[in-house]
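Structure at a glance
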Amino acid sequence: MAKSSKTSRTQDKPANVVPAVDAAILEAADRLRDGALVAFPTETVYGLGGDATDDRAVAAIFEAKGRPSFNPLIVHLPLLEKAEAVAAFDDRARSVAAKFWPGPLTLVLPRAPDCPVSLLASAGLETIAVRVPGHPVAHALLNAADRPIAAPSANRSGAVSPTRAEHVADDLGDAVAMILDGGACPVGIESTVLDLSGETPTLLRPGAVTAEAIEAEIGSLKTEDGAEGVRAPGQLESHYAPKTPLRLGCANPRPGEALLAFGPDLPSGFATILNLSEAGDLTEAAANLFAHLHALDAAGASGIATMAVPEDGLGRAINDRLRRAAAHDREI
Ligand code: TXA
Ligand code: MG
């Protein structure tokens, strides 16, 4: 973990950031039941949670994020049994859930017949995205709240996802009632989104669970590349974008440019360098990705250049996020 990803915020922590001790988790659960928004750590990134059964809380999530309303939210539950009350699982979905939950995998399934979740959370689709996270704070919060919790990543729409409580505070400020501080998210990249609502399992977003691991369980996956319309509406081309322009590649350093590096062999000519993983380890790189993007964005560089990351396993999800961060057209 790079030293520079520590921030200077410890002294002036905003009042809504609280350590995720048991009493704070119970208070956060009460706030959720009252319709307020609470940010909480998951193993992937921090989520901006609201009661998924409460239209007003769900609307408040869209408002706080500045998210286009056609982009549906992931609904979080503490257990598979609870997920079965909101989504229709078949045997295939149950086997994938049994294998990967709790964990960084989101399943898109038909809404259950009596699904209590706000239609706004599914943005009018007949499907719903569900996930049982593995982080102990998320698990305790979901148990205590005792209702489905809608939670997109706790950043403004189109911005870099938060992997620390201070990222959330910097980006969303007091739009959120409470930010449970559980430290850095161990995985650091969003969940894989797998659509099992149709005949062919389709990967809508590469993420922390690799396509290879899912294929070992249920056979080959179709990969959605946005070609036939946006079925994972969050997969808008420009996404996860720092404010500082980012380019793929590190040839010909430009004046004042910072480098997001990977591996032991570094090019020369960059004043500021943060390395995703000196050892070239993709798991470490995923955990550092968003924190390093936040730190480089705050470093005052003229631009951010990136080194290539191998396109396999978690490297696919990392490259997917970097490509989107580099996309020119920033409309969201
Ligand atoms: O790791 C994660 O998944 C984090 C943590 C907080 O759980 N959440 C997250 O949520 O990344 P969000 O809202 O930033 O991304 C959700 C993705 C979007 O790309 C969205 O379009 C897609 O899931 N999605 C949600 N519901 C869907 C549905 N019914 N059909 C297709 N895609 C859906
Ligand atoms: Mg997001």
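Coordinates for the structure precede this section.
Here's a quick rundown of the structure. Starting afresh in each chain, residues are numbered from 1 along the sequence in its written order. Lettering of chains starts at A and numbering of ligands starts at 1, both following the order in which they are written. Where totals are concerned, whole chains, interfaces and linings use all residues; where local detail is concerned, this predicted model gives features only for residues with pLDDT of at least 70, and gives and counts side-chain atom pairs only at 80 or more. Calculation of side-chain values draws on the structure's entire complement of heavy atoms; hydrogens and water are dropped beforehand.

Structural notes on the sheet that holds strand β12 (residues 246-248)
- Any two strands between which DSSP finds at least two bridges are classified as paired. Only DSSP runs of H or I reaching four residues or more are called helices, and only runs of E reaching two or more are called strands; each is numbered from the N terminus. Strand order in the open sheet made by the four strands is β12-β15-β13-β14, with parallel pairing throughout. Of all strands in the sheet, those bounded by a partner on one side alone are β12 and β14 (272-275). This sheet shows a mean twist of 20° between the axes of neighbouring strands, independent of strand direction.
- The pairing of β12 with strand β15 (residues 303-306) spans three bridges and is parallel. Bridging across to β15, Leu 246 finds its partner in Ile 304. Angles here are taken between N-to-C directions and fall from 0 to 180 degrees, while the axes themselves are lines fitted to C-alpha atoms, restricted in helices to the stretch in contact.

Notes on the pattern of salt bridges
- For this analysis, a salt bridge means a side-chain nitrogen from Lys or Arg found within 4 Å of a carboxyl oxygen belonging to Asp or Glu. Applying the stated rule across the entire model yields 14 salt bridges.
- A salt bridge links Asp 91 to Arg 94; the shortest N-O distance between them is 3.4 Å. Taken as a pair, Asp 91 and Arg 94 lie in helix α4 (residues 91-100) at a separation of three residues, close to a single helical turn.
- Each residue's exposure class comes from its accessible area (1.4 Å probe, protein chains only) as a fraction of the maximum for that residue type: buried when under 20%, exposed when over 50%, partly exposed otherwise. Relative accessible area serves as the criterion here: at 31%, Arg 94 is assigned to the partly exposed category.
- In this structure, Arg 247 and Glu 257 form a salt bridge, with 2.7 Å as the shortest nitrogen-oxygen distance. On the criterion of sequence distance, the pair formed by Arg 247 in strand β12 and Glu 257 in strand β13 (residues 257-261) is long-range, its members being 10 residues apart. Here Arg 247 matches Glu 257 in class, with each residue buried.

Focus on the pairing of strand β9 (residues 192-195)
- The alternating pattern of β9 places Thr 192 and Leu 194 and Val 193 and Asp 195 on opposite faces, both of which are buried.
- Pairing analysis gives four bridges linking strand β5 (residues 105-110) to β9, with the strands arranged parallel. In the strand pairing of β9, Thr 106 is matched with Val 193.
- The sheet contact formed by β9 and strand β10 (residues 202-205) spans three bridges and is antiparallel. For Leu 194, the partnering residue across the bridge sits in β10 and is Leu 203.

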